[in-house]
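Geometric and topological summary
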Amino acid sequence: MQQIHYSFLQGFMLAALALPAHGQQAPVSPQTLPVKHKLTAAPKVIISTIPDVIRTPEGQRHDNCIRAAHGFYDSYYDLNEYDNTEAVGSYVTGSDGTVYMLNPISYMVSNTYMKLDPYNGDTLVARLPQIVVAESYGNSFVAKMKQNGQDNWTLNADQNMYFVLRNDTLKALDDTRETPLGFIDESESWYAVEYGHVFTKNPYIAVTVPEGARDQKYSLNRRLVVSARLTDDALFINDPSTPGLWMKGTKDAEGNYHFAAKEYMGVNERFISHQFQMPASYVVKSDEYGKYNDYTYMDELVMRPSGTDGMLTSVGNVSLLSSLSTTKINPVGIIDNPVLIPYNEVAAEPVAPKIEKVGRYIEDYGAEIIFTMELESTDGKFIDPDKLFYEVYVDDNTEPIRFVPEEEGGPYHRLDSAMTQVPYAYSDNNYDFIFNYGQVKFYIYDSEMQKVGIRTVYKGGGEEHASPIVWQPTPASIAGVGADRQTRTEYTTLSGMRVEKPAKGINIRKVTDANGNVKVEKILVK
């Protein structure tokens, strides 16, 4: 059961594929402000004498700390919990003993500081509320909250929060789930609360590739091409989930490579978190949602030579994770049962795609097209997905469709730019273009088309080669003869991603009846 799961695969995997293993925490990407929506509550100025926002305090910087905190954020429809064990933290110590804490709420990236005044010895006090975002539409603050019910918080009467700075560790003394630090607006509406703040000095040294290391490319599980470097005693792999961060395997006398746990890879800039190489074993389980892999960290993953062509294989149900935590399963990338085969790029003709479905045209919805592509040439060789594209043809047109974004007068409102050749794993946040392990789903907004053609195009080895065009006729559109009409139900997530069936949580259901009437409603799946 070979799988690769990555949120960023250098143009290979679907962005949404970096979902956590079942029952395990999904990486939470901190929000860059402003992200909140203004509530309708009447504004109340909390304290008119609050000092202005602090952006560049003077003093000694303590960057790249290991930051821990536990919190909740409001996604407008639901309360979401997160647990940061190794986020990136920074603070500044002033010459007068004042300490300034960057991004007081780790989930809400304000790029401003909370001031901690000297109090007693190495104890500090944050006199709250303090402004962390100053915008024309209003200010945002951090304040001490108190729990009011299971999943709600209000302002605490005592607005002092205490910290201690001791032995290079900055730690909150009195922030708990009952009295957390909160991110609020002028109406005292909160958007995130966080507690258990601890900043410690980073003891890790990131993996770096030594000078003189030899370049080598590998196909990884015949799914993608990875860049690597080789020395006499180690193998370095450029992490596909976070290009620029490196995994390291140490070579033994038998030529095996040992990928050890807690190998520090560096900072994941997207998640503002430290990232680690974490090998794991897994067992396949199932529940009402289907099969899933249940991961457990282990001390190392060993890749062994196989054959004479430089292939390296792993044994058993093992995985190599790029994780944001050394204690919790919190991956941004997962490589199940890794197999590395040396890769040399050559020109090749790609295998033709296989069309699985050409759907009816539905007004305001388009026609759904589903097809699959293989990462293989006609002579059976693996080809680089980063250099594989597809083109779409309609009826007797000899030129491929040009997919045009709304900004240029087209129907595709999530495209960044117009294109005729679509990259192998392209996804527009899973709206009009959805990619899943070689299967592509996309939508065409052409009520007159009679047939659809697709061909693959490979640009490897300095040449461009295309497969034959594969054609399939379209069924009659719903906008046509009444006998061809039918009721259709579609589901999307709150973010707009189309799904085959409603997922756990809140979903949007759109029902189009035989007369073209549309009903949209929210449904909750528990």
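Below or above, wherever it landed, is the structure these notes cover. (Residues numbered from 1 in each chain as written. Predicted model: local features only at pLDDT ≥ 70, side-chain atom pairs only at ≥ 80, totals over all residues. Heavy atoms only, no water.)

This part takes up the overall build of the protein chain. Within the protein chain, the regular secondary structure consists of zero helices and 41 strands. Of the contacts made within the protein chain by residues no fewer than 6 positions apart, 59% connect residues no fewer than 24 positions apart. With an accessible surface of roughly 24,400 Å², the protein chain has 47% of that area assigned to carbon and sulfur atoms. (Helix = DSSP H or I, 4+ residues; strand = E, 2+ residues; numbered from the N terminus. Contact = heavy atoms within 4.5 Å. Areas by Shrake-Rupley, 256 points an atom, 1.4 Å probe, with all protein chains shown as cover.)

It is worth spelling out the pairing of strand E7 (residues 113-120) at this point. Pairing of strand E5 (residues 99-102) with E7 involves four bridges; the strand directions are antiparallel. Within the sheet, the bridge partner assigned to Met101 lies in E7 and is Met114. Relative to strand E8 (residues 123-127), E7 is paired through three bridges, and the arrangement is antiparallel. Paired with Pro118 across the bridge in E8 is Leu124. In sequence, E7 turns back onto E8 through a hairpin of two residues, with Gly121 there showing a positive phi of about 65°. (Pairing = 2+ DSSP bridges.)

The next thing to look at is the packing of aromatic side chains. Aromatic rings in a pair are described by how distant their centres are and how their planes are angled relative to each other. Counting across every chain of the model gives 24 aromatic pairs. When the ring of Phe371 is compared with that of Tyr390, the centres are 5.0 Å apart and the planes differ by 75°; the resulting orientation is edge-to-face. Of this pair, Phe371 sits in strand E30 (residues 366-372) while Tyr390 is found in strand E31 (residues 388-394), placing the two residues 19 residues apart along the sequence. For Phe371, a relative accessible area of 0% puts it in the buried group. Judged by its relative accessible area of 0%, Tyr390 falls in the buried class. Between Phe403 and Phe442 the ring centres are 6.0 Å apart and the planes differ by 85°, which places this aromatic pair in the edge-to-face class. With Phe403 in the loop between E31 and strand E32 (422-423) and Phe442 in strand E34 (residues 439-444), this residue pair connects regions lying 39 residues apart in the sequence. (Phe/Tyr/Trp six-rings, centres within 6.5 Å; stacked < 30°, edge-to-face > 60°. Buried < 20%, exposed > 50% of the residue type's maximum accessible area, 1.4 Å probe, protein only.)

Pairing between side chains becomes possible if they bear opposite charge and their charged atoms approach one another. Enumeration over the complete set of coordinates arrives at 18 salt bridges. Here Asp215 and Arg229 are joined by a salt bridge, their closest N and O atoms 2.9 Å apart. In this pair, Asp215 is assigned in strand E16 (residues 214-220) and Arg229 in strand E17 (residues 224-230), connecting sequence segments 14 residues apart. Overall, Asp215 belongs to the exposed group, its relative accessible area being 59%. Measuring nitrogen to oxygen at the nearest pair gives 3.7 Å for the salt bridge that ties Glu376 to Arg222. Pair noted here: Glu376 is in the loop between E30 and E31 and Arg222 is in the loop between E16 and E17, with a separation of 154 residues, a long-range link. Here Glu376 falls in the partly exposed class, since its relative accessible area comes to 32%. One connected set of salt bridges, linked through shared partners, spans Lys115, Asp117 and Arg127. (Salt bridge = Lys/Arg side-chain N within 4 Å of Asp/Glu carboxyl O.)

Before going further, it helps to spend a moment on the pairing of strand E20 (residues 257-260). Burial along E20 is one-sided: the residues Tyr257 and Phe259 are buried and none of His258 and Ala260 is. As paired strands, strand E19 (residues 246-251) and E20 are joined by two bridges and run antiparallel to one another. Within E20, the residue paired with Lys251 across the bridge is Tyr257. Bridge analysis of E20 against strand E24 (residues 300-306) gives four bridges, and the strand direction is antiparallel. Bridge assignment links Ala260 to a residue of E24, and that residue is Glu300.

Formed by 35 residues in total, the largest nonpolar core has its most connected members in Tyr390, Phe403, Phe433, Phe442 and Ile444. When residues of this core are traced back to their parent elements, those giving at least two are strand E29 (354-362), E30, E31, strand E33 (433-436), E34 and strand E35 (451-458). For this core, the element with the most residues is E31, which contributes four residues. Every residue in contact with Ile444, bar those within four places of it in the chain, is listed here: Tyr361, Gly366, Ala367, Ile369, Val392, Val394, Ile401, Tyr412, Met449 and Val452. (Core = buried A, V, L, I, M, F, W, Y, C linked by side-chain atoms within 4.5 Å.)

The next thing to look at is the sheet that holds E34. In sheet architecture, strand pairing relies on hydrogen bonds along the backbone and comes in two forms, parallel and antiparallel. One open sheet accounts for four strands, arranged E29-E30-E34-E33; its pairing is antiparallel. Either end of the sheet is taken by a strand with one partner, and the two such strands are E29 and E33. Pairwise comparison of adjacent strand axes, ignoring direction, gives a mean angle of 10° for this sheet. Examined bridge by bridge, E29 and E30 share six bridges and lie antiparallel to one another. Looking at E30, one finds that Ile362 is bridged to Gly366. (Axes fitted to C-alpha atoms, helices over the stretch in contact; angles between N-to-C directions.)

Next up on the list: the sheet that holds strand E28 (residues 339-342). Sheet architecture is closed into a barrel: eight strands sit in the order E16-E17-E18-E19-E20-E24-E25-E28, paired in antiparallel fashion. Pairs of neighbouring strands in the sheet enclose a mean axial angle of 30°, with direction left out of account. One ladder, built from two bridges, connects strand E25 (residues 311-313) with E28; its direction is antiparallel. When the sheet's bridge partners are listed, Leu312 is paired in E28 with Leu340.

Among the structural elements, Glu263 can be located in strand E21 (residues 263-268). On a C-alpha basis, the gap between Glu263 and Trp246 in space is 9.5 Å, while along the polypeptide they are 17 residues apart. Apart from the residues lying within four places of it in its own chain, the contact partners of Glu263 are Val207, Lys248, Gln275, Phe276 and Gln277.

It is worth spelling out the environment of Val133 at this point. Locating Val133 in the fold gives a position in strand E9 (residues 130-135). Judged by its relative accessible area of 9%, Val133 is buried. Sequence spacing of Val133 and Ile54 is 79 residues, and the spatial spacing of their C-alpha atoms is 9.2 Å.

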